[in-house]
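Geometric and topological summary
Chain residues, written in single-letter form:
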Amino acid sequence: VTAPVPAALYRQLEHFYRRHWRFVDDGDVEACGRMFAEDAVLVRQAPPARMRERQAEPERAGRDRIVAGLRRVTGQRAAGEGTRRHWMGQLTAERAGEDVVRTRFATLVIDTPGGGRPGLRTSAVVEDVLVRAGEDWQIRRRRIRHDAMV
Amino acid sequence: MTNTPQPVITDAPAGYEEIQQFYAHHMHALDAGDAAAWAETLTEDVVFAQNIRPEPRRGREVVVGRMKLGAADLAERGVTRRHWLGMLDVRQRDDRTVDARCYVLVVETAEGGRAGIRASTVCADVLVRDGGRWLLKSREINHDGVS
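On a predicted model such as this, the values are computed, not experimentally measured, just so you know.

Contact with chain B, which involves 25 residues of that partner, is made by 30 residues of chain A. Interface area lost by chain B to chain A is led by Gln21(B), His28(B) and Trp84(B), which between them contribute 30%. Inspection of the chain B/chain A interface yields two salt bridges. For Arg82(B), the salt bridge is made with Asp147(A), and the minimal N-O distance between the two is 2.7 Å. Across the contact surface, chain B and chain A share eight residue pairs in polar contact (both at pLDDT 80 or more). The set of elements that each furnish at least two residues to the side of chain B that touches chain A consists of α1 (16-31), β3 (80-94), β4 (97-109) and β5 (115-130) of chain B.

Here is the structure:
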């Protein structure tokens with residue numbers, strides 16, 4: 001068991017992620033993109049059907065490609081797939097150097113079709129490597145692993 | 001006399017973020033089936049009670065043994081279980097003891113990726129300070145919809 005990070009840092013990270021998921025769910029692709037480092041890498045492990053559906057790639061390197069992926073998914077939703085909300089919980093944080101923090105948390109994706117009932121879509125665990133960027137943080141590496149992946 | 005405005009919202013108790021981090025580690029270890037890491041979050045004499053079971057389980061060995069069985073069963077069925085924690089209320093009992101109460105939603109995902117809510121519960125925990133960390137000393141789990 002690693003030592004807890006200081007309360008002030010933990011609160012800062014919680015604030016970072018509140019903004020992050022707000023941007024994702026609002027479809028604010030530009031603001032969301034700025035939360036990734038230029039050389040960020042996004043790794044995704046999801047069932048094959050899900051990967052096809054969102055034309056996801058197992059690994060996407062560079063902010064531009066990550067933003068392009070976000071834009072496509074946001075566009076699909078705007079075109080009639082309804083609303084998506086990311087809930088996150090059980091955030092752990094561990095310092096990995098002066099300006100580097102490793103985090104891990106669970107996410108629940110809740111989709112609501114237009115005029116329909118909300119439903120759980122995905123439960124996953126996300127692991128991030130965050131690097132300090134001025135007063136704020138940026139995601140340098142993200143690994144998303146859907147639950148029940150064999 | 002100065003007219004000092006009274007705070008409307010009081011701060012969370014000192015150490016709240018430590019308790020949040022305790023739970024995050026505790027639940028990740030549980031859901032990962034990492035019995036050794038999970039055991040490190042419990043006191044030797046930990047007590048687990050549930051309103052769906054007549055007798056509480058007592059002692060780390062018994063509680064961890066049961067957790068291993070549960071993890072093996074889930075793995076065999078290809079199901080991932082996640083304990084979601086929210087509405088955490090922490091009250092200081094003394095220097096080294098807190099009462100923590102939270103809601104826990106149990107979310108399960110079967111192979112293929114379909115997630116569903118399996119249980120809604122309320123957890124009443126007692127945590128004790130041990131050196132630089134917190135440990136779970138007792139837990140009372142009340143499943144909703146069970147009288």
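On we go from here.
This paragraph deals with unusual backbone geometry. At Gln90(A), a position not held by glycine, the phi torsion is positive, near 55°. Looking at Gln90(A), the relative accessible area reads 10%, which means it is buried. With phi around 55°, Met87(B) is a residue other than glycine that occupies positive phi space. One can find Met87(B) in strand β3.

With that settled, consider the sheet that holds strand β1 (residues 42-50) of chain B. All names here are of chain B. Spatial strand order, β2-β1-β6-β5-β4-β3: six strands in an open sheet with mixed pairing. Strands at the two margins of the open sheet, each flanked by one partner only, are β2 (57-58) and β3. As judged from the 10 bridges shared by β5 and strand β6 (residues 133-143), these two strands associate in the antiparallel manner. By the bridge assignment for β6, Thr 121 is matched with His 143. Lying on the sheet, α1 is in contact with β1, β3, β4, β5 and β6; it crosses β3 at an angle near 150°. Its contacts with the sheet place helix α3 (residues 60-77) against β1, β2, β3 and β4, and it is angled at close to 65° to β1.

Our next topic: α3(B). Residues that lie three or four places apart on an α-helix share one face, since the helix turns once every 3.6 residues. Residues and elements named next belong to chain B. An ideal rise of 1.5 Å per residue puts 26 Å on 18 residues; α3 measures up with 26 Å between its terminal C-alpha atoms. Within the span of α3, buried status applies to Val 63, Val 64, Met 67 and Leu 74. Buried residues of α3, viewed axially, fall in a sector of 90°; they line one side. The outward face of α3, more than 90 degrees from its buried face, is lined by the exposed residues Glu 61, Lys 68, Leu 69 and Glu 76.

With that out of the way, let us pick up the environment of Asp95(B). Residues and elements named next belong to chain B. Within the fold, Asp 95 resides in the loop between β3 and β4. Its relative accessible area of 76% is what places Asp 95 among the exposed residues. Asp 95 sits 33 residues away from Val 128 along the chain, and the two C-alpha atoms are 9.1 Å apart.

This brings us to the pairing of strand β3 (residues 83-95) of chain A. All names here are of chain A. Here β3 runs beside strand β4 (residues 100-112); their pairing, made up of 11 bridges, is antiparallel. Residue pairing in the sheet places Gly 89 in a bridge with Ala 106 of β4. The turn linking β3 back onto β4 is made up of four residues, and Gly 97 within it adopts a positive phi angle of 125°.

As a further point, take the state of the cysteines. Residues and elements named next belong to chain B. Within this structure, the stated rule accounts for zero disulfides over all chains. Counting only cysteine sulfurs, Cys 102 is the nearest neighbor of Cys 123, a cysteine outside any disulfide, at a range of 4.9 Å. A relative accessible area of 4% means that Cys 123 is categorised as buried.

The geometry of an aromatic ring pair is captured by the separation of the ring centres together with the interplanar angle, meaning the angle of the planes. All told, the structure shown has five aromatic pairs over all chains when counted by the stated rule. With centroids separated by 5.9 Å and ring planes inclined at 65°, the aromatic side chains of Trp38(B) and Phe48(B) adopt a geometry described as edge-to-face. Note that Trp38(B) is positioned in helix α2 (residues 35-39) and Phe48(B) in strand β1, a separation of 10 residues in sequence. Both residues of the pair, Trp38(B) and Phe48(B), count as buried. An aromatic cluster of three or more residues is present, and its members are Phe16(A), Tyr17(A), Trp21(A) and Phe105(A).

The rules behind each value
- Residues numbered from 1 in each chain as written.
- Chains lettered and ligands numbered in written order.
- Predicted model: local features only at pLDDT ≥ 70, side-chain atom pairs only at ≥ 80, totals over all residues.
- Heavy atoms only, no water.
- Contact = heavy atoms within 4.5 Å.
- Buried area = accessible area lost by both parts, 1.4 Å probe.
- Salt bridge = Lys/Arg side-chain N within 4 Å of Asp/Glu carboxyl O.
- Polar contact = N/O pair within 3.5 Å; in protein donor to acceptor, adjacent residues only side chain to side chain.
- Helix = DSSP H or I, 4+ residues; strand = E, 2+ residues; numbered from the N terminus.
- Buried < 20%, exposed > 50% of the residue type's maximum accessible area, 1.4 Å probe, protein only.
- Pairing = 2+ DSSP bridges.
- Axes fitted to C-alpha atoms, helices over the stretch in contact; angles between N-to-C directions.
- Expected span 1.5 Å × (residues − 1).
- Arc of directions from axis to C-beta.
- Disulfide = S-S within 2.5 Å.
- Phe/Tyr/Trp six-rings, centres within 6.5 Å; stacked < 30°, edge-to-face > 60°.

Structural measurements only, silent on function.
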